[in-house]
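Close look at the chain arrangement
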Amino acid sequence: YGGMGLDFSYNIAVAEELGNIRCGGITMAIGVQAGMATPALTRFGSHELKKQFLVPTIAGDFVACLGVSEAGAGSDVANIKTTAVRKGDEYVINGGKMWITSGSQADWMCLLANTSEGPPHRNKSLICLPMNLPGIHIAKKIDKLGMRSSDTAQIFFEDVRVPCKNLIGEEGKGFTYQMLQFQEERLWGVATALKPMETVIQETVEYTRQRKVFGQPVLHNQTVHFRLAELATEVELLRSLLHRAVAVYVEGNDVTKFASMAKLKAGRLTREVTDSCLQFWGGMGFTNEVLVSRFYRDLRLMSIGGGTDETMLPIICKYMDILPKK
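Residues numbered from 1 in each chain as written. Predicted model: local features only at pLDDT ≥ 70, side-chain atom pairs only at ≥ 80, totals over all residues. Heavy atoms only, no water.

**A few points about helix α6 (residues 222-250)**
With 29 residues, α6 should cover 42 Å at 1.5 Å per step; its first-to-last C-alpha distance of 42 Å lies within 8% of that length. Every buried residue of α6 is accounted for by Val224, Leu228, Leu231, Val235, Leu238, Arg239, Leu242, Ala245, Val246, Val248 and Tyr249. Residues of α6 that are buried make contact with α1 (8-18), α3 (39-44), α5 (174-210) and α7 (256-281). Gly252, located one to two residues past α6, shows a positive phi value of around 90°. (Helix = DSSP H or I, 4+ residues; strand = E, 2+ residues; numbered from the N terminus. Expected span 1.5 Å × (residues − 1). Buried < 20%, exposed > 50% of the residue type's maximum accessible area, 1.4 Å probe, protein only. Contact = heavy atoms within 4.5 Å.)

In structure tokens, the structure reads:
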């Protein structure tokens, strides 16, 4: 279908390199295209669907977006309300999606919707939804704290009709398919955060070496250079966890626990690194003229997007078998 046929470790190698881009929104847009909106279609879609949507997406002729989150259901995917009711050979879609990356310019959406009245984990399906159909309304482009270059939209559906052949895989398997997509999304996100953290630490070293306070460089204070050494060590530990998780995944094993651990740690560490480093920049850190303030805003999303910290913790607890018994 136009791809290179490489295993997932190559995706992660690319993601790590994309971290050299000094703007998180660009990396995120590429990530949605390559590793968030397309894995389920690649794995479970029909040949016809792949020819129609995957081929032009891989070629870069189509922009894809992922339609999961809603105003009342972000990390709580089981609680989405958007419906796709089968009528003849079409689904009629009603509802809305929120915080959709690339939503204003996407050619198609990998849409998660309720296709039956059954249990919440077995009543959902993924559908390839062309974004030029009647009844699709782009409500607004959202003004955000960080990732400000990223196109993030609120979208509503009003009696949108799409052919049933646009269903990805089996009806009712959408929740399962989406959870599989999430593992790749979370690992990708972790990989993209490594280089920005390294960059912020190194730029902070350089700034504090030349910035003098009370007659000596800021860096020469033990609390500063020790803290930077600790942060650099934490980044390397996160990289090791990521690479272990990717190796487990490439071998065909369940990576949910390690992906959740890496996602949790990345979210917390990006906050720790950017906050600590910004403090060492003093007043300059509070301006928009330096990279540390941009990454302080951009990387804050790591603890929220793709599953919050509070969502990762019970997943990890489940795999450790330490949740309270009902």
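**Some points on the UniProt feature "domain: Acyl-CoA dehydrogenase/oxidase N-terminal" (unreviewed entry) in the protein**
Residues given the UniProt feature "domain: Acyl-CoA dehydrogenase/oxidase N-terminal" (unreviewed entry) here are residues 1-61. Secondary structure within residues 1-61 divides into 70% helix and 0% strand; the distance between the first and last C-alpha atoms comes to 13 Å. (UniProt positions renumbered as here; feature names shortened; annotations may be inferred.)

**Notes on the layout of surface pockets**
The volume enclosed by the largest pocket comes to roughly 1,100 Å³. In terms of lining, the largest pocket is formed by 46 residues, of which the most central are Met28, Leu301, Ile304, Gly305 and Gly306. Only α2 (24-36), β3 (90-101), α5 and α8 (291-298) provide two or more residues apiece to the lining of the largest pocket. Element by element, the count of residues in the lining of the largest pocket is highest for α5, at eight residues. If you count residues domain by domain, the lining of the largest pocket takes at least three from each of domain 1 (8-170) and domain 2 (176-320). One number sums up the size of the second largest pocket: a volume of about 870 Å³. For the second largest pocket, the lining is made up of 25 residues, of which Gly3, Met4, Leu6, Asn11 and Ala34 are closest to its centre. (1 Å grid on protein atoms, 1.4 Å probe; cavity = no way out; pocket = protein on both sides within 12 Å on 5 of 7 lines; lining within 4 Å. Points joined across faces, edges and corners; volume = space filled by probe spheres on them. Domains from an automatic or database assignment.)

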